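# Chains, contacts and geometry: an overview
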Amino acid sequence: MDIDDIFREIGELGRQQVFYGTALCLLNLYAAMHMLQYAFVSFPVAFTCTDANNETLQNACFNNKRSSCARLEFDVHSSSSIVSEWGLVCDENWRSKAT
């Protein structure tokens, strides 16, 4: 018995196979949108870092450490993202890519 005989016996493409194929395509679409959403929710936002001596830096931290900033101020007048909401700047920036 070869594969053609099996297909003639059970039928080739039915409603159930179309349903399974459609469900798998929808799952792949969901995964693709999930991956693409990071470009829209984790974009960088301008910020100001102020240390304990009232020295300020724009879009940078002292020694590239977020903990060196006594105060972080984000420019969220135009837009905000998870970077500004959670303070993911300088050495914490990798977390915005991992969320």
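One can find the structure itself at the top, above this paragraph.
Residues numbered from 1 in each chain as written. Predicted model: local features only at pLDDT ≥ 70, side-chain atom pairs only at ≥ 80, totals over all residues. Heavy atoms only, no water.

Our next topic: unusual backbone geometry. Look at asparagine 54: it is not a glycine, yet its phi comes out positive at around 65°. Here asparagine 54 lies in the loop between β1 (47-50) and β2 (56-58). Look at asparagine 54 and you get exposed, because its relative accessible area is 62%. We note that asparagine 59 has phi near 55°; this positive angle belongs to a residue other than glycine. Topologically, asparagine 59 is positioned in the loop between β2 and β3 (71-74). Of the residues examined, asparagine 59 reaches a relative accessible area of 48% and is grouped as partly exposed. (Helix = DSSP H or I, 4+ residues; strand = E, 2+ residues; numbered from the N terminus. Buried < 20%, exposed > 50% of the residue type's maximum accessible area, 1.4 Å probe, protein only.)

In this section: the pattern of salt bridges. For the coordinates displayed, the defined rule picks out 3 salt bridges. A salt bridge links aspartate 5 to arginine 8, with the shortest nitrogen-to-oxygen separation between them at 2.7 Å. A residue pair is termed a helical-turn pair when its members lie 3 or 4 positions apart in one helix, as aspartate 5 and arginine 8 do in helix α1 (residues 3-10) at 3 residues. (Salt bridge = Lys/Arg side-chain N within 4 Å of Asp/Glu carboxyl O.)

Another point: the state of the cysteines. Across all of its chains, the model carries 2 disulfides by this definition. The disulfide partner of cysteine 49 is cysteine 69, and the S-S distance across this bridge is 1.8 Å. With the S-S dihedral at roughly -110°, the linkage between cysteine 49 and cysteine 69 falls on the left-handed side. Here cysteine 49 is found in strand β1, whereas its partner cysteine 69 is found in the loop between β2 and β3, with 20 residues between them in sequence. Judged by relative accessible area, which is 12%, cysteine 69 ranks as buried. There is a disulfide in this structure between cysteine 61 and cysteine 90, and the S-S distance comes to 2.0 Å. In this structure, the disulfide formed by cysteine 61 and cysteine 90 twists by about 90° around the S-S bond and is classed as right-handed. Taken together, the residues span a long stretch of sequence, with cysteine 61 in the loop between β2 and β3 and cysteine 90 in the loop between α4 (82-86) and α5 (94-98) at a distance of 29 residues. Across the pair, cysteine 90 and cysteine 61 agree in class, each one buried. (Disulfide = S-S within 2.5 Å.)

Just geometry here; none of it tells us what the structure is for.
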